[in-house]
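Chain and residue survey
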Amino acid sequence: MNIVVCVKYVPDATADRKFEDDNTVDRVGVDGLLSELDEYAVEQALQFREKREGEDITVTALTVGPEKAVDAVRKSLQMGADSGVHVLDDAIAGSDYLATSLVLAKAIEKIKAESGADLVVCGMASTDASGSVVPAMVAERLGLPQVTLASVVESQGDQVRIKRDNEGSTEVIGATLPIVLSVTDQSGEARYPSFKGIMAAKKKPLETWSLSDLGVDAGEVGLSVAFSQVEDTTARPPRTAGEIVTDEDGSGAGALVEFLASKKFI
Ligand SMILES: Cc1cc2nc3c(=O)[nH]c(=O)nc-3n(C[C@H](O)[C@H](O)[C@H](O)COP(=O)(O)OP(=O)(O)OC[C@H]3O[C@@H](n4cnc5c(N)ncnc54)[C@H](O)[C@@H]3O)c2cc1C
């Protein structure tokens, strides 16, 4: 059995982030990393393999993104994935959800033909665009059931059962492999790569594929064919200093009430 885990390379939220002139996200000139929410996907893929000791299960990490996106695959390999695939092609820049899901689905089909794709695991959302739609689109394109937003994943044979937490209830959903699964940040703490894992990752197979390797026409992806485009962006104004209410002469409480009332909080 082979598990494909989709891992996205995103701009580091703690560093400077910016947009390109065409209002797409600058994914090249900024520091980036494996989307934190996809670490949970890698963790669940690895746990799936570990819980089924004795079975021949491999994990392939897959990313679609610019040159530096290979770091997302490398981190997955360091965590314990067995192999990696990076889809890299200039034409992909600026792709919307539909094009991103097309490229992912085509890459999964190629992985399936070479080593199988019995389970596709995704994060609940990316930490930059937070669409939460790509897993469903990939499932639709592959003609597979989508079992999304799992906080607990259990499996036996070809049966997978998940728990999905809603505001006032928990749903238990069962499905038969092959499926596309997405997991939440409640599904279990993601492991840190060990020193041994970091060293071992250097020798693991990592392939780079272009659109032509996937049989995708460059005209099907990219900003020019995106169904929607960002027209304008405005930086959030810098935070202003807060107002400090002092209580040296006992007037603090009154001043506080006055301030809250002026802001219509009370
Ligand atoms: C500021 C901004 C503006 C945008 N504007 C638009 C717009 O106007 N129209 C539009 O259609 N899209 C827009 N996008 C979406 C952008 O193109 C997305 O990066 C892309 O479509 C994937 O969507 P997502 O990141 O929201 O994925 P989600 O659906 O949130 O991702 C869920 C999961 O899918 C997998 N996944 C997603 N992308 C990848 C990938 N590249 N490689 C591997 N796995 C992946 C991961 O497992 C991830 O956890 C915008 C993004 C940003 C940051």
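Residues numbered from 1 in each chain as written. Predicted model: local features only at pLDDT ≥ 70, side-chain atom pairs only at ≥ 80, totals over all residues. Heavy atoms only, no water.

Within an unreviewed UniProt entry, the label attached to the protein chain reads Electron transfer flavoprotein subunit beta, and the organism entered is Nocardioides exalbidus. Under Function (unreviewed entry), UniProt gives the following word-for-word description of the protein chain: "The electron transfer flavoprotein serves as a specific electron acceptor for other dehydrogenases. It transfers the electrons to the main respiratory chain via ETF-ubiquinone oxidoreductase (ETF dehydrogenase)." The protein chain has a UniProt comment under Sequence similarities (unreviewed entry) that states "Belongs to the ETF beta-subunit/FixA family." (UniProt positions renumbered as here; feature names shortened; annotations may be inferred.)

Considerations on the packing of helix α1 (residues 36–51) against helix α2 (residues 70–79)
Contact geometry of α1 with α2 gives a least axis separation of 10 Å together with a crossing angle of 35°. Where α1 crosses over α2, the handedness of that crossing is right-handed. Only K75, S76 and M79 of α2 make contact with α1, whose side of the interface consists of E39, V42, E43 and L46. Residue composition of the contact of α1 with α2, grouped by class: three nonpolar, one polar and three charged. (Axes fitted to C-alpha atoms, helices over the stretch in contact; angles between N-to-C directions. Helix = DSSP H or I, 4+ residues; strand = E, 2+ residues; numbered from the N terminus. Left-handed = near helix turned anticlockwise from the far one by under 90°. Contact = heavy atoms within 4.5 Å. Nonpolar A, V, L, I, M, F, W, Y, C, P; charged D, E, K, R; others polar.)

Looking at the sheet that holds strand β12 (residues 206–209)
Spatial strand order, β7-β11-β6-β1-β4-β5-β12: seven strands in an open sheet with parallel pairing. Strand pairing shows two members of the sheet lacking a second neighbour, β7 (146–150) and β12, which therefore form its edges. On average, each strand axis in the sheet is inclined to that of its neighbour by 20°, with strand direction left out of account. Alignment of strand β4 (residues 58–64) against strand β5 (residues 83–87), held across five bridges, turns out to be parallel. Considered in β5, the bridge of L62 is made with V85. Running over the sheet, α2 touches β4, β5 and β12 and is turned about 170° from β5. Relative to β4, helix α3 (residues 97–115) is tilted by about 150°, and along the sheet it contacts β1 (2–6), β4, β5, β6 (119–123) and β12. (Pairing = 2+ DSSP bridges.)

Side note on the packing of aromatic side chains
Taken as a whole, this structure holds zero aromatic pairs when the rule is applied. Directly above the ring of W209 sits K110, whose terminal nitrogen or CZ lies 4.7 Å from the centroid. (Phe/Tyr/Trp six-rings, centres within 6.5 Å; stacked < 30°, edge-to-face > 60°. Lys NZ or Arg CZ within 6 Å of the ring centre and 35° of its normal.)

Details of the UniProt feature "domain: Electron transfer flavoprotein alpha/beta-subunit N-terminal" (unreviewed entry) in the protein chain
As annotated by UniProt and renumbered to match this structure, "domain: Electron transfer flavoprotein alpha/beta-subunit N-terminal" (unreviewed entry) occupies residues 22–218. The span residues 22–218 carries 33% helix and 27% strand; its end-to-end C-alpha distance comes to 19 Å.

Observations regarding the nonpolar core
The biggest cluster of nonpolar side chains holds 36 residues, and the ones touching the most others in it are V5, V121 and L181. Contributing elements (two or more residues each) for this core: β1, α1, β4, α2, β6, β7, β9 (159–165) and β11 (179–183). With seven residues, the top contributor of residues to this core is α1. The residues touching L181, leaving out its near neighbours within four places in the chain, are L119, V120, V121, C122, V147, A150, V153 and I162. In this structure, V64, V87, I108 and V180 belong to the second largest nonpolar core, which totals 27 residues. (Core = buried A, V, L, I, M, F, W, Y, C linked by side-chain atoms within 4.5 Å. Buried < 20%, exposed > 50% of the residue type's maximum accessible area, 1.4 Å probe, protein only.)

Observations regarding the site of the ligand
Near the ligand, the surroundings consist of 30 residues, among which K8, D38, S95, S126 and S228 are the closest. Between the ligand and S132 there is a distance of 2.8 Å, counted from an oxygen atom to a backbone nitrogen or oxygen. At 2.8 Å from an oxygen atom of the ligand is found a main-chain nitrogen or oxygen belonging to V134. Taken together, the residues that form the shell around the ligand break down as 15 nonpolar, 10 polar and five charged. (Near = heavy atom within 4 Å. Polar contact = N/O pair within 3.5 Å; in protein donor to acceptor, adjacent residues only side chain to side chain.)

Re the packing of α3 against helix α4 (residues 134–142)
Packing of α3 against α4 leaves a shortest axis separation of 9 Å and a crossing angle of 50°. Between α3 and α4, the angle is such that the two are oblique. In this structure, the crossing between α3 and α4 has a hand that is right-handed. When α3 is examined against α4, the residues Y97, L98, S101, L102, L104, A105, I108 and E109 are found in contact with a partner set consisting of V134, M137, V138, R141 and L142. (Parallel < 35°, antiparallel > 145°, perpendicular 65-115°, else oblique.)

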